[in-house]
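Residue-level structure breakdown
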Amino acid sequence: MMHVNKLVGSAGILAWGVLAIGVLTWSAMASPVVRLNGSFVQYHDEMQGWSAATWGAVLEQMKNLKMDTVVIQMLVRENQNGSLHSFIKPSGEPDATEAILNWADTNDFKVFLGLYLSNWNHDMTGSTFLAETQTRMADVAQQAWERYLSGGRHRSFAGWYLPYEPWTAAYSPAEINRLRSFFQGVEVACRGLSGAKPLAISPFISSVRPPPCDVERIYTELLNQSGIGIVMLQDSVGAQQWESNVVRQVSPYAQAMQRACAATGVQFWANLESFKIEGASYVPGNAARLRQQFDATVPFVEHFVTFDFVHYMNPVVFLSAWSQDRRQRMQQFFADYKATFVDQDYAPWGAPRISASSAGGHITITWPGAPGDQFQAQFTTNLATGDWWPLPTGIVTNGFQFTLVEEMVPQQSDCFFRIQRLPVLRPPDDMVWIAPGSFRMGTPATDPNVTPNELPQFEVTLTYGFWIGQFEVTQSDYQNVMCLNPANFTGNLNRPVERVSWHEAMEFCARLTQQERQAGRLTGSHVYRLPTEAEWEYATRAGTTNWFSFGNDPTALVNYAWYSANSSANPHPVGQRLANPWGLSDVHGNVFEWCWDWIGAAPSQPVTDIRGATNGSYRAIRGGAWSFPWMNCRSSWRVGYPPSGRTADVGFRIVLAPAGQNSVSATGPPDCRCFGDCHGTWARACLPKGKYRGWPSSCGSPLPEDKSFRSHQWPARRCQRDRYNASSDGHDRGRS
């Protein structure tokens, strides 16, 4: 895959020869257009009666969507009572698979044949089940070879699909060995028939959602020398189940599976959802949801297929049991998908396909895009040097087409242009934008519930806006990034993570920043971090001045918070109580939340963009917790905890903001392993004394815009001022 942060890989290159050839010529790098490459087909009995012409009409519509691959889900299935049902018809009888293969032969389609689909009421990793399933799959492969393939009858045959779908990633070493042997046995049987045709599987990450690093490790072991050639990951958005919202952020399981496949030489495909669940019914999805899945997985995936076109996107032939509403939804889905991904190229992560024309002494360069895309036009006179310079010419867009007009330079024999895609900030859907504003921070002197650590009231103005998490960071969120779950209260990954120190919360932010930049969803100027106390209280109050964001009635707190009166002595899944006026959940109760600041005294006068204390012994926590009474859930309540401390009632939520904003930096880089209270070891770990050796690429920018190292430690071009600036978090970054 191309990555947006690679200069050449992220740019369409236009070569312009003027005097050398006398005419305008151009060439462009291939654009990584994103669309479905194919679809599963799952047979129902009624479909066996469809004629070859009917199958041709269905497949022609797949071709209209520029698909070229069919994966037949299974040729034989096991019924609930243990009997077998075969879709393989005797030779000479009309047969759906034969009709598909015949059509594919003359239309440049590829067809994978699915083998035996077992009933799921089994011990899926037991040795007896696997041995029986391996034998049945080998038998079905033999039947399919004799019925369809012997003598090289169908050139469209591309490989075998193994309908055993591993639905977990928590296998023991013994189970891994049994599964690998099972795959090897099926592959040997198939290779004996068809030679080196690939064997594909379509695993699924279960609702248990193990840590992604475990998935990577297990599948690396499982796929190694297994005979599997293609993995088509189901639910490849990576973090949630079919019935849940698509989560773009991180896509941890897609990333983990891609690494496992890369390590074992296996192709990695995505099996995307073309359906959604309404109640107990599977119904057609929509193009917007499919686009979210593309957005989530495209950094990791080679090809995309869906499950399945015939049942959810087919606009021409329907099963008799389907209602008119379902038919209309399928037709609408087909039309919307075609308009979005086929009638125009959808390629928002790679090099644009550029074209050019010349007239009147000018060159006009055009390329496709989408609203919100950002590009830079560059030129060079010598490709060998690798030096490119930005064009000052403005870029004009109508939202889906970008254009620039540049004057030709006749005396220049050769000039090369390219268009570089720039990362665009894409905040996750579960982050809330908080606009700039002013508020009174702290506790009124008249509040009878005031505690010694609370601040007296003072006026604060925030001149900048920021995004803040709608929810506290969950155990799922945390292990998706950190590959472990430190929580005391496990069993539901949608509970907030707790037993996390301030240092670990900071490291989470740093790793999340790094991953989102690599995925092209975060610009270099923005970072994830902890909120300052002022940001936290401003967002929590949401324009209110009361004890709570909903008023002064403690009895109403049960509707908004989990605290000692209603929590049953444990935290609860996030988002179950009412949100505050700005849409933030659990700002009162559930778990305390780490803030950036040291615990310090209040200023004596109004403050703009308050930085907080520059040093101390304790970091601020806010918001109340499941184990504390209502008084500790007030908007102004605060206390300090040691930054290395871990308790079962302290978690955090995150902020997305410009890196230099409010003099709060991007957090320490994860591979430098120094966060917060290092007092110089961050500088010492990453910058050897008196010598600059470069900042690790994974660390991002080491300095917010208003800080600098001494010039003898950092190149002058990176120093805004040749003096030491104390940072808001107490780091002595200028000393070594």
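As a reminder, the structure under discussion sits directly above these lines.
Quick notes on the rules
- Residues numbered from 1 in each chain as written.
- Predicted model: local features only at pLDDT ≥ 70, side-chain atom pairs only at ≥ 80, totals over all residues.
- Heavy atoms only, no water.
- Phe/Tyr/Trp six-rings, centres within 6.5 Å; stacked < 30°, edge-to-face > 60°.
- Helix = DSSP H or I, 4+ residues; strand = E, 2+ residues; numbered from the N terminus.
- Buried < 20%, exposed > 50% of the residue type's maximum accessible area, 1.4 Å probe, protein only.
- Lys NZ or Arg CZ within 6 Å of the ring centre and 35° of its normal.
- Core = buried A, V, L, I, M, F, W, Y, C linked by side-chain atoms within 4.5 Å.
- Contact = heavy atoms within 4.5 Å.
- Pairing = 2+ DSSP bridges.
- Salt bridge = Lys/Arg side-chain N within 4 Å of Asp/Glu carboxyl O.

What about the packing of aromatic side chains?
Summed over the entire model, instances satisfying the criterion amount to 39 aromatic pairs. Ring centres 6.4 Å apart and planes at 70 degrees place the aromatic pair Phe309 and Phe334 in the edge-to-face group. Taken together, the residues span a long stretch of sequence, with Phe309 in helix H8 (residues 309-312) and Phe334 in helix H9 (residues 324-342) at a distance of 25 residues. On the accessibility criterion, Phe334 (9% relative accessible area) is buried. By way of ring pairs, the aromatic residues Phe294, Phe304, Tyr337, Phe341 and Tyr346 are connected into one cluster. Directly above the aromatic system of Trp598 lies the positively charged group of Arg619, at a separation of 3.7 Å from the ring centroid.

Details of the nonpolar core
Counting 94 residues, the largest nonpolar core has Tyr43, Trp55, Leu113, Trp160, Tyr164 and Tyr337 as its most contacted members. With eight residues, the top contributor of residues to this core is helix H3 (residues 127-149). With residues up to four places along the chain from it excluded, the contact list for Tyr337 reads Arg35, Leu36, Leu65, Ala287, Leu290, Phe294, Met313 and Val342. Counting residues in each nonpolar core, the second largest holds 29 residues, with Leu530, Phe592, Ala625 and Val650 among its members.

Examining the environment of Gln134
Relative to the helices and strands, Gln134 resides in helix H3. For Gln134 and Tyr116, which are 18 residues apart along the polypeptide, the C-alpha to C-alpha distance reads 9.0 Å. Every residue in contact with Gln134, bar those within four places of it in the chain, is listed here: Ser181, Phe182, Gly185 and Val186.

Brief notes about the pairing of strand S32 (residues 655-658)
Relative to S32, strand S25 (residues 466-469) runs antiparallel, the two being bridged by two bridges. Its bridge partner lying in S32, Ile468 is registered against Val655. With four bridges connecting them, strand S26 (residues 526-529) and S32 associate as antiparallel partners. Each residue of the ladder has a partner; that of Arg529, found in S32, is Val655.

What about the side chain of Gln61?
Tracing the backbone shows Gln61 in helix H1 (residues 52-64). You can call Gln61 buried: its relative accessible area is 16%.

Points about the pattern of salt bridges
Going through the model one piece at a time under the given rule, you end up with 25 salt bridges. Asp325 is paired through a salt bridge with Arg329; the nearest N and O atoms lie 3.7 Å apart. Note that Asp325 and Arg329 are positioned in helix H9 at a spacing of four residues, about one turn of the helix. The shortest N-O distance in the salt bridge between Arg511 and Glu507 comes to 2.8 Å. A residue pair is termed a helical-turn pair when its members lie 3 or 4 positions apart in one helix, as Arg511 and Glu507 do in helix H11 (residues 502-518) at four residues. Given a relative accessible area of 22%, Arg511 falls into the partly exposed group. Several salt bridges share partner residues, and in doing so they unite Glu533, Glu537, Arg541, Arg622 and Arg638 into one network.

With respect to the pairing of strand S12 (residues 275-278)
Pairing geometry for S12 and strand S13 (residues 281-284), over four bridges, is antiparallel. Paired with Phe275 across the strands is Pro284, a residue of S13. Counting the residues between successive antiparallel strands, the hairpin from S12 to S13 contains two residues, one of them, Gly279, with a positive phi of roughly 65 degrees.

Focus: the sheet that holds strand S20 (residues 401-407)
Spatially, four strands are ordered S15-S16-S20-S19 in an open sheet, and the strand pairing comes out antiparallel. Each edge of the open sheet is held by one strand with a lone partner, namely strand S15 (355-359) and strand S19 (396-397). By the bridge criterion, five bridges tie S15 to strand S16 (residues 362-368) in an arrangement that is antiparallel. From the neighbouring strand, Ser355 faces S16, where its bridge partner is Thr366.

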